[in-house]
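Residues per chain, in single letters:
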Amino acid sequence: MASQGKNRLSKHKPTNSNDDDGILSRISTGVSNSPVLYSGKKAASNAACVAKRLLKSTGKAAWIAGTTFLILVVPLIIEMDREQQINELELQQASLLGGGGAVAVT
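Comment text from UniProt for the chain, heading Subcellular location (unreviewed entry), reads "Mitochondrion outer membrane".

As structure tokens, then:
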């Protein structure tokens, strides 16, 4: 009996990984090694790189526009608001003193 067990073991072929692989693993291996997948990954990588560069340059442009607005436009808006308040105050004082409102210029 022991000799029959040894014979069975010796008759057993060494397993090759390709023979034991299932159909799904063979398909997934074939797909993962395909040139279409490689070119798709490369295109996705290139698109991500372009998007990163675009976002970086857009951020720089937004920073420049924002700081320019703060330095040039905000003080102008504040000064125009002060001028409007002064005009309203002068108009109010003129009406309280009996100036009769706005003076017509001829």
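> An account of the overall build of the chain is requested, with residue identities and associated values reported.
Assigned secondary structure in the chain consists of four helices and zero strands. Along its sequence from the N terminus, the chain presents helices and strands in the succession α-α-α-α. By the burial criterion, 0% of the 106 residues in the chain qualify as buried. Taken as a whole, the chain presents about 9900 Å² of accessible surface, with 64% of it coming from carbon and sulfur.

> Can you lay out the UniProt feature "transmembrane region" (unreviewed entry) in the chain for me, pointing to particular residues and giving the numbers?
The UniProt entry lists residues 61–78 under the feature "transmembrane region" (unreviewed entry), expressed in the numbering used here. Helix makes up 100% of residues 61–78 and strand 0%, and the two end C-alpha atoms of the span are 25 Å apart.

> For a nonpolar patch on the surface, give the residues involved together with the corresponding values.
Taken together, Phe-69, Leu-70, Ile-71, Leu-72, Val-73 and Ile-77 make up a surface patch of nonpolar side chains, about 600 Å² in accessible area. For Ile-71, the position within the fold is in helix α4 (residues 35–96). For Ile-71, a relative accessible area of 61% puts it in the exposed group.

> So what about α4? Which residues, and what values?
The end-to-end C-alpha separation of α4 is 87 Å, in line with the 92 Å expected for 62 residues at 1.5 Å each. The sharpest bend along α4 reaches about 35° and sits at Leu-70. Trailing α4 by a residue or two, Gly-98 shows a phi angle of about 85°, which is positive.

Reading guide: rules and limits
Residues numbered from 1 in each chain as written. Predicted model: local features only at pLDDT ≥ 70, side-chain atom pairs only at ≥ 80, totals over all residues. Heavy atoms only, no water. UniProt positions renumbered as here; feature names shortened; annotations may be inferred. Helix = DSSP H or I, 4+ residues; strand = E, 2+ residues; numbered from the N terminus. Buried < 20%, exposed > 50% of the residue type's maximum accessible area, 1.4 Å probe, protein only. Areas by Shrake-Rupley, 256 points an atom, 1.4 Å probe, with all protein chains shown as cover. Patch = residues over 30% accessible without salt bridge, like charges linked within 9 Å, V, L, I, M, F, W, Y side chains within 5 Å. Salt bridge = Lys/Arg side-chain N within 4 Å of Asp/Glu carboxyl O. Expected span 1.5 Å × (residues − 1). Bend = angle between axes of the 7 residues up to and from the residue.

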